[in-house]
Amino acid sequence: MATATAGPRSFSAAEVRARCAQGACLVSCRRRLYDLSGFVRLHPGGEQLLRRRAGTDVSAALDGPPHRHSENARRWLEQYYVGEIEPGDEQVPPNRERGGHGPWGNPGAPTVSASGAASRVNKGHGVHCLLPQDLVDWQKPLLWQVGYLGEKYDEWVHQPVDRPIRLFHSDFLEFLSKTAWYVVFMVWTPVVLYLSWVSYTSLAQGNTRLFSSFTTEYSIPVHKYYFPFIFLFGMILWSLLEYLIHRFVFHMKPPASNYYLITLHFLLHGQHHKSPFDSSRLVFPPVPASLVIGFFYGVLRLLLPAVLGLAVFVGGLCGYVIYDMMHYYLHYGSPRKGTYLYGLKAYHVKHHFEHQKSGFGISTRFWDYPFQTLIPEETFKKED
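Residues numbered from 1 in each chain as written. Predicted model: local features only at pLDDT ≥ 70, side-chain atom pairs only at ≥ 80, totals over all residues. Heavy atoms only, no water.

J.: Is there a simple way to think about the environment of I293 in this case?
T.: Inspection of the secondary structure assignment puts I293 in helix α9 (residues 286-303). Taking the C-alpha atoms as reference, I293 lies 9.0 Å from F313; in sequence the two are 20 residues apart. In contact with I293, not counting residues within four places along its chain, are W188, F313, L317 and Y320. (Helix = DSSP H or I, 4+ residues; strand = E, 2+ residues; numbered from the N terminus. Contact = heavy atoms within 4.5 Å.)

J.: Sorry if this is basic, but what is going on with the confidence of the model for the protein chain here?
T.: Close inspection of predicted coordinates is inappropriate in any region flagged by low pLDDT. In the predicted model, the protein chain carries a mean pLDDT of 83, and 82% of its residues have values of at least 70. Taken as a whole, residues 94-132 scores under 50 in pLDDT and shows 98 contacts with residues more than four places along the chain or in a different chain. (pLDDT = per-residue confidence, 0-100.)

J.: Looking at this structure, how should I read the pattern of salt bridges?
T.: Opposite charge on two side chains allows them to pair when their charged atoms are near. With the rule as written, the count across this model stands at 11 salt bridges. With its nearest N and O atoms 2.7 Å apart, the salt bridge here joins R166 to D171. As a salt-bridge pair, E174 and R281 come within 2.5 Å of each other at their nearest N and O atoms. Separated by 107 residues along the polypeptide, E174 in helix α5 (residues 171-176) and R281 in the loop between α8 (259-274) and α9 bring together distant segments of the chain. For the residue pair E174 and R281, the accessibility class agrees, reading buried in each case. One network of salt bridges, in which partners are shared, links E174, K178, D278 and R281. (Salt bridge = Lys/Arg side-chain N within 4 Å of Asp/Glu carboxyl O. Buried < 20%, exposed > 50% of the residue type's maximum accessible area, 1.4 Å probe, protein only.)

J.: Could you clarify how one ought to interpret the packing of helix α7 (residues 227-250) against α8 in this entry?
T.: Two quantities define a packed helix pair, namely the angle between the axes and the distance from one axis to the other. Remark: α7 packs on α8, axes separated minimally by 10 Å, with the N-to-C direction vectors making an angle of 140 degrees. Judged on the interaxial angle alone, α8 and α7 are oblique. As for how α7 packs across α8, the hand of that crossing is left-handed. Each of H246, V249 and F250 in α7 lies in contact with α8, whose residues at this interface are H265, L268 and H269. Split by residue class, the contact of α7 with α8 holds three nonpolar, three polar and no charged. (Axes fitted to C-alpha atoms, helices over the stretch in contact; angles between N-to-C directions. Parallel < 35°, antiparallel > 145°, perpendicular 65-115°, else oblique. Left-handed = near helix turned anticlockwise from the far one by under 90°. Nonpolar A, V, L, I, M, F, W, Y, C, P; charged D, E, K, R; others polar.)

J.: Whenever I open this one, the sheet that holds strand β2 (residues 26-29) confuses me. Can you help?
T.: Backbone-to-backbone hydrogen bonds join strands into a sheet, with any given pair of strands oriented parallel or antiparallel. Taken in spatial order, the four strands of this open sheet run β1-β4-β3-β2, and their pairing is mixed. Strand pairing shows two members of the sheet lacking a second neighbour, β1 (9-11) and β2, which therefore form its edges. The average angle at which neighbouring strand axes cross in this sheet is 40 degrees, direction not considered. Pairing geometry for strand β3 (residues 32-35) and strand β4 (residues 81-85), over three bridges, is antiparallel. Residue R32 lies in a different strand from β4, and its bridge partner there is E84. Against the sheet, helix α1 (residues 13-21) engages β1, β2, β3 and β4, with an angle of about 80 degrees to β1. (Pairing = 2+ DSSP bridges.)

J.: Would you mind showing me how to read α8 here?
T.: Count 3.6 residues to each turn of an α-helix, and residues three or four apart come out pointing the same way. Here α8 is 16 residues long, yet its end C-alpha atoms lie only 18 Å apart, well below the 22 Å a rise of 1.5 Å per residue gives. Of all the bends found along α8, the most pronounced is centred on L267 and spans about 60 degrees. What α8 keeps buried is the set I262, T263, H265, F266, H269, G270, Q271, H272, H273 and K274. Contact partners of the buried residues in α8: α4 (153-157), α7, α10 (306-332) and α11 (340-353). Near the N-terminus of α8, the side chain that reaches the backbone nitrogen of Y260, with its oxygen 3.1 Å away, is that of N258. (Expected span 1.5 Å × (residues − 1). Bend = angle between axes of the 7 residues up to and from the residue. Polar contact = N/O pair within 3.5 Å; in protein donor to acceptor, adjacent residues only side chain to side chain.)

J.: Even after reading the chapter, I still don't get the UniProt feature "binding site: Zn(2+)" (unreviewed entry) in the protein chain, so can you show me in this structure?
T.: Here, UniProt's "binding site: Zn(2+)" (unreviewed entry) annotation points to H246, H251, H269, H272, H273, H327, H331, H348, H351 and H352. Note on placement: H246 falls in helix α7. Every residue in contact with H246, bar those within four places of it in the chain, is listed here: H251, H269, H351, G359, F360 and I362. Within polar-contact distance, the side chain of H246 engages the side chain of H351 at 3.3 Å. Setting aside anything within four residues of it in sequence, one finds H273 in contact with V157, H158, P160, H251, H351, H352 and Q356. (UniProt positions renumbered as here; feature names shortened; annotations may be inferred.)

J.: What exactly am I supposed to notice about the packing of aromatic side chains here?
T.: Two aromatic rings are characterised by how far apart their centres lie and by the angle between their planes. Enumeration according to the criterion identifies 28 aromatic pairs in this entry. When the centroid spacing of 6.3 Å and the interplanar angle of 35 degrees are considered together, the rings of Y153 and W156 count as tilted. Taken together, the residues span about one helical turn, with Y153 and W156 both in helix α4 at a distance of three residues. Their ring planes at 80 degrees and their centres at 5.7 Å tell us that W238 and Y320 sit as a pair that is edge-to-face. (Phe/Tyr/Trp six-rings, centres within 6.5 Å; stacked < 30°, edge-to-face > 60°.)

Encoded structure:
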């Protein structure tokens, strides 16, 4: 005997107000109701912005100003669907619709794209909502599945979801692939402090000279007082590497026919774009990071005198630690409106949800200017 599928739950306006008064953050879009209580801290516009809209219809706000929400942002909202507002209780938003804005422009119909046909999924509220059916089995490790997506991979990986990712069958490998944000700080900060001391004391001996391998007459002595400037140069050098790695390695587009390159891309960065708020995968695990860091140290040793190369390296290592900490904060922090980090958080979220081919700077937008990959500012026409 077939079991009937439960329909969406109905909520009265009074019930919505009561739940919001208890601290929940419920918003509606026409008759569809969404519970954003678990997302408010992550919202790039800040928690207070969503709190102020609790219990209201956000249909008009989705198109801005101040921000026009992307297709991915509209699809993201559907994950928090909990039911329908009872007929007659829904608010009527201002008539500001613009055509072709996806599932929130027509809240009764989900978007179906490379993810496949629509299906019903349960989000833990006892209510079913319409979302695109995925092309992978989330009950199994994803790393060995994504390579079979072929030409559908690029679109699929850039449609973010709010759920954790498992990569490996092996519990040990899975453990090594996850890292809490504070582990990066605890592991690498002592290394930065120790190598800074070694670099400074070595320069203080007065034996380091630049270009000494080519000429002794015109070689340049490197004094200990130069250490802060060399350290700063290493940090700037890291910021450039951060940009180049993010743009040309992490955002390479693997050939649709190459299973192994797709798998590699997902391991390096695709997993982060698919699940941008998976807190255990926002910073680089120390074990693979040590291999990459060791490679760059070897390159600097080949190009520069030993002590000078070490001083540049430790500045770059400090820049890396700051980058990883900032990256975590841009996803999970709630910076105050108007601050540098507030703008950077909004900028980085735009990179995830709408502008995946630009906005490659994370700790700074500086390199996006000369490389012409700056995310454009949004403009809105004045209403009549």
